[in-house]
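Understanding the architecture of this molecule
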Amino acid sequence: MTSSDGQSTTPSRGQMPEDPNSDLEKSAPTVMIKLDIEHAIVADDPRKWTNPRKYVIVGLISTAAMIAGLGANIYNPAISQIESDLHASPSQLSLTLSLFILIQGGFPLVWSAVSEIQGRKAVYLVSLAVCTLGCVVAALSKTIQVLIGMRCLQAMGSSAVVSIGAATLADLYEPAQRGTIMGLYYCAPLLGPALGPIIGGALTQRFNWRATFWFLVIFTGCCCVAFIFLKDTFRRERSVTYQSVLRRVLEQQAAKKAQAFRLSQDTTVAVIAPQPEKKTRDNNATTQDLETQNVITEKDVLPVPEVRLSLKDVNPVKPFIGVLSRLNNFTILFASGLLFAFNYSITYTASRTLANQYHYDALKTGLVLLAYGIGCLLGSIGGGRYSDMVFKASKAKNEGKSYPEMRLASTAHSMLFFPPAAIGYGWVCEQDVHIAAVCVMLFLAGFFQICIYSSTLAYIVDANVGRSSSAVACNSCFRGVFAFVATEVAVPLQDAIGDGGLYTLWGGLLIISELLILLVWWKGESWRERAVARETRRAESR
C-alpha cells in the first residue's frame, strides 16, 4: 500500500494493519433509520413466512369468514316453517335477521380490542366456540324468544372473523400486496349470502328448518378445531395499543430511576456530613442504623420488564373514537357503509320479488341469487388484483413513494357503471322482464359493487397503520348499522314505490357514496397527515 507521498506503508509482519473502514466510520455521519410501526422488527416475522404457509392461513380465515354470510341467510328459505312451528309473528321473525346484522356489525369493536391483548388466535377460538354454542341451542329451541336470543349469540360469535381476518392479512402481507389478498379473502364471505339460500332450501326441503342450524354447528365446529393448529400472526410491537402502553411503562421506569438517583445522592450527603458528638450508646445506634438501612442506588432500579397487556389497558371505545377522529376514516367508512347496505337490500328484496312476481320456490330463488354471488366473487378477485396494479403503478410514477390514497384510483371505472347497474336491476324487476335479464343485472351489480368495496377495505387497513383491527371493526360497525336500517326500510319502500323506485333511490345513494370516495382520494392524504400531526402533539404534551 502506498501513501500520498509515494512511500510504501505496507505494515511489517508483527504489526497489525489498521482497519481501512475505521476512518470512514469516524468521519461518516451517523444515519438514523426510523422504522414506522408497520415495519417494526419482530421475532418470527409473519411477513417472512413462506407463501404456502400464508395461503393456508388465508384459506382458513376465508373459510371461517363464510360463517357470517351463511348464518344471516341460510335459514331464510325456512321462514314460513319456523313461523308455523314456533308460532311466531312476522315482526318477531324480522328481528331474527335485523338484530343479527346489527350485533354482527357492532360486536367486532370488542373482539378487536381483545385481539390487541391476547392476539388473533385466542379471539378466533373463543368467538367460534360462542357461535357454535348459539347454533346448537338455536337448533334445539322451542320458542321464538329463545331463537332470537341464540341468533344474537350467533351474531356475536360470527362477527369476529370478518374484522380480525382483515387484520390477520395486514400481519402477513405488505401494503403493496394487500389488494389482491383482500380480494381473495373476501371471496368466501361473499359466497355465504349466495350459497346460504341454496343450502338452506335443500336442507329444509329434505329435513326441516332445524337442519340449517345443525349444518352451521358442524361447519363452525370444524373451523374452531382447525384454528387450534394456527400459529398466531399478531405481533405486539406492531400494535399502537402495545406501543402506547410500552411508552407509559418506560416513562414510569424513567421517573422511578430519577427518584432513586435523588434518594441515593441525599443518602450519601447525609453520611458524609459531620455529625455532632453524642454519647457512645447513641453514636453506636446511629452508625448501626446507617449501615443496616437499604440505600437505593441506580443499580437497584430494575430494567424495563416485558410489557404484558391486560383488559384494563384497552378500551374498545377509545380506538373507535381514535379511528373516527380522522376525517378521512369517517368519510370512507360512511361510503363503505352505504355500499354494504346495498348488498343486504338487494339480496333481501330480490328474494321477495322472485317469490311474489316470478313465483319461484326457495331453491330456485337461491339459484338466481347465485348470479349476484358469482358477480361479487369475480369482482372481489379482479378488483383486488386491479387495485394492487394501480397502487404499484402510482407508486412507480411517484418515484417509489406511496400513500394509501393511491389505491382508491382503482375504483374510478367501476364507479361509472355501478349506479346504472343498480337502477337497471330495479326496472327490470319492475317490468317483469325475463329472468335472464334479472340474472345479468344481479351479476353486474354484484361485480361493480365489490370492485369498489374491496379497494375501500384495503384502504381502511393501509390508512390505519398499527390499528388495522380497530379500523376494520369500525368498518363492520358502520356496515352493521347501515345494513340494519336498509333491511328495516327495504320492504316498506318496496311495497310503496316498487323495485324501480327503490333502486332508483339506491342509485342516488350510491352516487353519494362514490363522491365521498373521490373526496377521500383527493383530500385524504392531507386530512390524514393533519390528524397524525395532531395526535403526535397530543401524545408529546402528556
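Below: a short report on this structure. The shown structure was predicted, so the numbers you read here are calculated from the model rather than taken from an experiment.

**Remarks on the layout of surface pockets**
- Estimated volume of the second largest pocket: approximately 740 Å³.
- Taken together, 29 residues make up the lining of the second largest pocket; nearest its centre are N76, I79, Y348, S351 and R352.
- Taken together, the elements giving at least two residues each to the lining of the second largest pocket come down to α2 (51-73), α3 (79-85), α4 (90-106), α9 (187-206), α14 (327-356), α15 (362-397) and α18 (468-541).
- Here the lining of the second largest pocket takes seven residues from α14, the largest share from any one element.

**Some thoughts on the side chain of D45**
- Within the secondary structure, D45 is located in the loop between α1 (20-27) and α2.
- Reaching out from D45, the side chain makes a polar contact with the backbone nitrogen of R47 at a distance of 3.0 Å.

**Concerning empty space enclosed by the protein**
- Within the structure shown, the criterion is met by five cavities of 30 Å³ or more.
- The volume enclosed by the largest cavity comes to roughly 250 Å³.
- Lining the largest cavity are 21 residues; nearest its centre among them are A68, Q104, F340, Y344 and R479.
- For the lining of the largest cavity, the secondary structure elements donating two or more residues are α2, α4, α7 (144-172), α9, α14 and α18.

**Some details on the state of the cysteines**
- Evaluation of the coordinates by the stated rule reveals zero disulfides.
- In this model C223 remains outside any disulfide bridge; the closest cysteine sulfur is found in C222, 7.0 Å from its own.
- Residue class for C223 comes out buried when judged on its relative accessible area of 6%.

**What to know about the environment of Y459**
- Relative to the assigned elements, Y459 resides in helix α17 (residues 435-462).
- As for Y459 and Y403, which are separated by 56 residues in sequence, their C-alpha atoms are 9.7 Å apart.

**Concerning the nonpolar core**
- Ranked by internal contacts, the top residues of the largest apolar core, which has 117 residues, are F342 and Y425.
- Broken down by element, this core gets its largest block of residues, 16 residues, from α18.
- Among residues more than four places away in sequence, those in contact with Y425 are I346, A350, V438, M441, L442 and Y503.

**Quick word on a nonpolar patch on the surface**
- Residues L102, V481, V485 and V489 make up a contiguous nonpolar surface patch of about 270 Å² in total accessible area.
- The element that contributes the greatest number of residues to the nonpolar patch is α18, accounting for three residues.
- With respect to the helices, strands and loops of the structure, L102 is situated in helix α4.

Parameters at a glance
Residues numbered from 1 in each chain as written. Predicted model: local features only at pLDDT ≥ 70, side-chain atom pairs only at ≥ 80, totals over all residues. Heavy atoms only, no water. 1 Å grid on protein atoms, 1.4 Å probe; cavity = no way out; pocket = protein on both sides within 12 Å on 5 of 7 lines; lining within 4 Å. Points joined across faces, edges and corners; volume = space filled by probe spheres on them. Helix = DSSP H or I, 4+ residues; strand = E, 2+ residues; numbered from the N terminus. Polar contact = N/O pair within 3.5 Å; in protein donor to acceptor, adjacent residues only side chain to side chain. Disulfide = S-S within 2.5 Å. Buried < 20%, exposed > 50% of the residue type's maximum accessible area, 1.4 Å probe, protein only. Core = buried A, V, L, I, M, F, W, Y, C linked by side-chain atoms within 4.5 Å. Contact = heavy atoms within 4.5 Å. Patch = residues over 30% accessible without salt bridge, like charges linked within 9 Å, V, L, I, M, F, W, Y side chains within 5 Å. Areas by Shrake-Rupley, 256 points an atom, 1.4 Å probe, with all protein chains shown as cover. Salt bridge = Lys/Arg side-chain N within 4 Å of Asp/Glu carboxyl O.

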